[in-house]
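Remarks on the overall topology
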Amino acid sequence: MNPQLPLQGVRVIEICNVAAGPFGSMLLADLGADVVKIEAPGSGDTLRAWPPLTGPQEDRLSENFASLNRNKRSIALDLKDPTQNAQAQALIARAQVLIENNRPGVMKRLGLDYDAMRAINPALIYCSISAYGQSGPRAQEGGFDVTVQAISGIMSVTGEAEGAPVKCGVPVADFTAGLYGAMSICAQLRRVAQTGQGVHIDVPMMGTSVAIAALQTSEYFGTGRNPVKLGSAHPRNAPYQAFRAQDDYLVMAAGTQALWESVCDIVQSEDMRADPRFASTALRAANQQALKVMLEAILQHRTAADWIEKFSAAGVPCVRINRYSDVVSDVQTVAAGWVEPLTLPNGHQTQTVGTPLKFDGKSASIRRTPPRLGQDGGEILGELS
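Here's a quick rundown of the structure.

Here is what the cut-offs are and how they apply
Residues numbered from 1 in each chain as written. Predicted model: local features only at pLDDT ≥ 70, side-chain atom pairs only at ≥ 80, totals over all residues. Heavy atoms only, no water. Phe/Tyr/Trp six-rings, centres within 6.5 Å; stacked < 30°, edge-to-face > 60°. Lys NZ or Arg CZ within 6 Å of the ring centre and 35° of its normal. 1 Å grid on protein atoms, 1.4 Å probe; cavity = no way out; pocket = protein on both sides within 12 Å on 5 of 7 lines; lining within 4 Å. Points joined across faces, edges and corners; volume = space filled by probe spheres on them. Nonpolar A, V, L, I, M, F, W, Y, C, P; charged D, E, K, R; others polar. Pairing = 2+ DSSP bridges. Helix = DSSP H or I, 4+ residues; strand = E, 2+ residues; numbered from the N terminus. Contact = heavy atoms within 4.5 Å. Axes fitted to C-alpha atoms, helices over the stretch in contact; angles between N-to-C directions. Buried < 20%, exposed > 50% of the residue type's maximum accessible area, 1.4 Å probe, protein only. Arc of directions from axis to C-beta. Core = buried A, V, L, I, M, F, W, Y, C linked by side-chain atoms within 4.5 Å. Disulfide = S-S within 2.5 Å. Parallel < 35°, antiparallel > 145°, perpendicular 65-115°, else oblique. Left-handed = near helix turned anticlockwise from the far one by under 90°.

Glancing now at the packing of aromatic side chains. Evaluated as defined, the whole model comprises five aromatic pairs. Taken together, a centroid distance of 6.0 Å and an interplanar angle of 55 degrees make the contact between Tyr 220 and Phe 221 tilted. Here Arg 138 stacks its cationic end above the ring of Tyr 132, 5.9 Å away from the centre of that ring. The aromatic ring of Trp 307 is capped on one face by Arg 302, whose charged end is 5.9 Å from the ring centroid.

Estimates place the volume of the second largest pocket at around 530 Å³. Around the second largest pocket sit 20 residues that line it, and Val 157, Thr 158, Gln 216, Ala 233 and Pro 235 are the ones nearest its centre. Looking at the lining of the second largest pocket, its residues break down into 12 nonpolar, five polar and three charged.

With that out of the way, let us pick up the sheet that holds strand E11 (residues 318-319). As a general point, the strands of a sheet are linked pairwise by backbone hydrogen bonds and lie either parallel or antiparallel. The three strands lie next to each other as E9-E10-E11, forming an open sheet whose pairing is antiparallel. If you trace the sheet from one side to the other, it starts and ends with strand E9 (240-244) and E11, each paired once. Sheet topology note: the strand E10 (residues 249-253)/E11 ladder contains two bridges and is antiparallel. Looking across to E11, one finds that Val 251 is bridged to Val 319. Across the sheet, helix H13 (residues 288-299) touches E9 and E10, and the angle it forms with E9 is around 40 degrees.

For Lys 37, the position within the fold is in strand E2 (residues 34-39). Residue class for Lys 37 comes out buried when judged on its relative accessible area of 0%.

Let us now look at the sheet that holds strand E7 (residues 125-130). Read from one edge to the other, the open sheet built from six strands follows the order E5-E2-E1-E6-E7-E8, with strand pairing classed as parallel. Two strands bound the open sheet, and with one partner strand each, they are strand E5 (72-76) and strand E8 (199-204). Taken pair by pair, the neighbouring strands of this sheet meet at an average axis angle of 20 degrees, ignoring direction. Note that E7 and E8 share six bridges and pair parallel. If you follow Ile 129 over to E8, its bridge partner there is Val 203.

Those residues of helix H14 (residues 304-313) that fall on the buried side of the exposure criterion are Ala 304, Trp 307, Ile 308 and Phe 311. Angularly, the buried residues of H14 cover 100 degrees about the axis, an arc narrow enough to put them on a single face. Every exposed residue of H14 that faces more than 90 degrees away from the buried side is listed here: Ala 305, Glu 309 and Ala 313. Where H14 is buried, its residues contact E10, helix H10 (257-267), H13 and E11.

Moving on: the nonpolar core. Among the nonpolar cores identified, the biggest contains 28 residues, and Val 12, Ile 125, Ile 129 and Ile 185 are the most heavily contacted of them. When residues of this core are traced back to their parent elements, those giving at least two are helix H1 (20-30), strand E6 (97-100), E7, helix H7 (172-195) and E8. It is H7 that provides the largest number of residues to this core, a total of six residues. When residues no more than four places from it in sequence are discounted, the contact partners of Ile 125 are Gln 96, Val 97, Leu 98, Ile 185, Gln 188, Leu 189, Val 192, Val 199 and Ile 201. Counting residues in each nonpolar core, the second largest holds 24 residues, with Phe 243, Val 267, Ile 298 and Val 316 among its members.

Before going further, it helps to examine the state of the cysteines. Scanning the model with the defined rule gives zero disulfides in all. Cysteine Cys 264 is unpaired, with the sulfur of Cys 318 as its nearest cysteine sulfur at 14 Å. Judged by relative accessible area, which is 1%, Cys 264 ranks as buried.

This next bit is on the packing of H1 against H7. Orientation of H1 relative to H7, taken along the N-to-C sense of each, is 40 degrees, at an axis distance of 7 Å. Put simply, H1 runs oblique to H7. Considering the relative orientation of H1 and H7, their crossing is right-handed. Contacts from Ala 20, Phe 23, Gly 24, Leu 27 and Leu 28 in H1 reach Asp 174, Phe 175, Ala 177, Gly 178, Leu 179, Ala 182, Ile 185 and Cys 186 in H7. Its residues placed into classes, the contact of H1 with H7 shows 10 nonpolar, two polar and one charged.

Okay, structure coming up:
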């Protein structure tokens, strides 16, 4: 077996839209799974309409869709049509995994819920991703990344202390749920192989978003106080945030006593070193606003690039704040090969961020470009005969 494609031979049926489910199934596809994406005829996955749309004017395709749907095949089926629903069931009967991110109840109305599919495929791993989970008082409520970031607490600790509420710029609630889903599926594949018994995986976006906030919830449990917004700062470490230099910002993380001593050496400040407010990590965190004022007064004398070079040479983690144009051309990105060329079905040449994982020093290459809506339907249905 190819170590870069450990899920070769695993068939995954995806009945999803937009981000959480498609991201989770793409992770499985990157690992070698054969992902069959069932989409509604006509429009398909909602993400297909999201800009940027590129390619010939008469045949423009979504790069957002492409970023979450590589290595998949697409079939267009109207799941409300009895004949096409039966075709979907036949595909599910031969699969190891089904992943869906519809509101609870939708799959049951279509006759494709876990109990119905378990009857035709007892070993099926059925993964449901939803805003709040399959049960509980909020189960029937809809949700999107921004509402989940709000209700899960993420927005309460994001942004500047006195600023208006802001969400994380990356759809962290969506993608966290997709990651949890993919991880759980991989774990259950081993158990199902041993027992032959399938399982229903319930992935609540709210729950997974709360789970990744372990430092924040433990702070509340331990103190009885709500964590607060700190901008780029850290509640328990300092200096550990963005600082303004002469011409731009830099981000420094001197999170240990030894690194703090190095900072004092580099900026040549005995006053900071001797200040009792900064004698320990805990004290620096408690007095980090005063520390920031003193440190930025010194940083104003050199450019951000100069300071980054000095701190980095001494082993103090210190970097610029990259824009995405900087990120994709960063020396580490280029050396690791994270950005790969991608040809859209309309012939447009673009790029995408492939899997960052390596197995035995190698990454899996993109095997399939993101599909046109329904382009593989004949091939997929032919495999049923």
